[in-house]
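# What the coordinates show
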Amino acid sequence: MQKNILFVMYDQLRFDYLSCAGHPHLHTPNFDRVAAKGVRFTRAYVQSPVCGASRMSTYTGRYVSSHGAQWNGFPLRIGEMTMGDHLRALGMECWLIGKTHMKVDAEGMARLGLSPDSVIGARQAECGFDVWCRDDGLWAWGPDGFYDTKRSPYNAYLKSRGYDGENPWADYANAGVEGDEMATGWIAANARKPANIREEDSETPWLTRQAMAFLDQAKGPWCAHVSYIKPHWPYIVPAPYHAMFGPQHVLPAVRDAGELEDPNPVYAAFAESDFAKLYQKDEAREAVIPAYMGLIKQCDDQLGALLDHLAATGRDKDTVVVLTSDHGDYLGDHWLGEKDMFHDSSVKVPLIIYDPSECTGGTTCDALVESIDLAATFVEMAGGTVPDHIIEGRSLVPFLRGETPDWRDYAVSEYDYSCQPMRAKLGVSPRDARMFMVVDQRWKFIHAEGGFPPMLFDLAHDPQELRDVGRSGLHDDVLALMYDRLGVWGRRMSQRVTMSDGDIMARQGGSEGVGVLHWLWDGSEVSEDALARYRGPVRQRHVDD
């Protein structure tokens, strides 16, 4: 069956804030309905717990240290292949509707004379996608101007709907009202207020309509990457979602006072950051988390509208649905805020896949899955063979069929914090401001460059990751194993992307046919055919006997 792929990504959606994942208060019937028909992967890890780097890994199918775009605003180098390139080669279009957080390698484009107005130039500038609608959705502005500098189609939409000013994203979609003043969503205390916008004009319904418009005209096969900015901060949501949850629905933070007693210095630096200090306040959590839940509830409702539209147009029978996120959100767990480290709150994400051609309804899979596996999965779904000299992930299709393939023993994630203030606090160079996570079925190991001690969590006895036993002296054998795994992973072949193993094997032994014979003594070692062009009478003599 010819397939289409509806690839939906949410920004900063935690793995455990869905009812199908066990949240006791947040009911998400539309996420649940996809999970009830497909496979929910319970141990899916992103390759970096920050938007840009994580997304570049998902889109390329490659680890962060392979593609090099290691933090927000780090350009994805020109020529790096993405899922769009792989899928188009197989006859499947690949479209973007929403966010990528990709920054173009402008210097590389100029060096090669690529114009962003050309087809290939536009694709290089847009992370390999053809663009139906791109809006990275973070139109923050301050004394130095805008955080994002590209044109915002969402802001243009708001202006067309009568919202005034230069930046209605900030003034209305992400602000409430306090008397006659704007109450910006950047201030956590304002999270309790409804955003000053009609619900149908807010970001999530707007992008859903963009996706529906794409579906109405799409001719298959296609992959549509519908990429929502929410439930990412600013944490403020329009009515009625602002009032659906309250402090009574806020789960206790997963944290323990012991985490702050003689902490690993790297963890301590993150726990002392401004965003960690905010979420260490109970009143901040009680204001922000209900708004976060409201944003997720709105996302679920809009997912339902999108799924219903897919069914009404008959596209549900041939469309694979993929739901995931680019990273999680600490929300005060482990005394931290934001993302940036490797506890499950941050690095583990929801991943649900429904393929109507497979009979795997309502199952869960506990295999160690990585976000780079999606590119490989989509290539196989499009009928191709995964080019494993380029794509480092592995196809999840066997799991969708109910099979149990030979699988990886551990998953890896990386984080480059060179742009963060914690680098200076820890006194490391930009090149050493890097961390690596290796996780298997029992252990989670974290190594930080710069001479810092390792972190280690025993997930069998400490599933909430509250006790770092990396310096206990009791698990040196585990640390040795994890360092060995990190070394094996670090020595992987990751840059030989222009030659596959098959290409190399095909070349072996072929030199004789093109006359490379530098191993001969007297010529008897090869056939006369191999020497034919080197035999025969001298046609001209240019030396004296």
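In short, a report on the structure. From a predicted model like this one, the values you see are computed outputs, not experimental measurements. (Residues numbered from 1 in each chain as written. Predicted model: local features only at pLDDT ≥ 70, side-chain atom pairs only at ≥ 80, totals over all residues. Heavy atoms only, no water.)

### Observations concerning the packing of helix H7 (residues 153-160) against helix H9 (residues 203-217)
Going by this rule: Note on definitions: angles span 0 to 180 degrees between N-to-C directions of axes, and those axes are lines fitted to C-alpha atoms, for helices only across the stretch in contact. Helix numbering and strand numbering both begin at the N terminus, where a helix is a DSSP run of H or I of at least 4 residues and a strand a DSSP run of E of at least 2. Oblique is the label for every angle not falling under 35 degrees (roughly parallel), over 145 degrees (roughly antiparallel), or within 65 to 115 degrees (roughly perpendicular). Residues are treated as being in contact if the distance between any of their heavy atoms lies within 4.5 Å. Polarity classes work like this: nonpolar for Ala, Val, Leu, Ile, Met, Phe, Trp, Tyr, Cys and Pro, charged for Asp, Glu, Lys and Arg, and polar for all others, with Gly in that last group.
Where H7 meets H9, the axes come as close as 11 Å, and the angle between the chain directions of the two elements is 105°. The pairing of H7 with H9 is recorded here as roughly perpendicular in orientation. Of the residues in H9, those in contact with Pro153, Tyr154 and Tyr157 of H7 are Glu203, Trp206 and Arg209. Here the residues of the contact of H7 with H9 are counted per class, giving four nonpolar, no polar and two charged.

### Details of the sheet that holds strand E14 (residues 411-416)
Rule in force here: One bridge is not enough; two strands pair if DSSP finds at least two bridges between them.
Strand order in the open sheet formed by four strands is E14-E15-E16-E17, with antiparallel pairing between adjacent strands. In this open sheet, the two strands that pair with only one neighbour each are E14 and strand E17 (455-458). For this sheet, the mean inter-axis angle between neighbouring strands, taken without regard to orientation, is 10°. Pairing analysis gives six bridges linking E14 to strand E15 (residues 434-439), with the strands arranged antiparallel.

### With respect to the packing of H9 against helix H12 (residues 282-312)
Selection criterion: Take the far helix as the reference: if the near one is turned anticlockwise from it by less than a right angle, the crossing is left-handed, and if turned clockwise, right-handed.
Where H9 meets H12, the axes come as close as 10 Å, and the angle between the chain directions of the two elements is 15°. Judged by the inter-axis angle, H9 sits roughly parallel to H12. Where H9 crosses over H12, the handedness of that crossing is right-handed. Residue-level contacts link Thr204, Pro205, Thr208, Ala211, Met212, Leu215 and Asp216 of H9 to Gln298, Cys299, Gln302, Ala305, Leu306, His309 and Leu310 of H12. Residues that form the contact of H9 with H12 fall into these classes: eight nonpolar, five polar and one charged.

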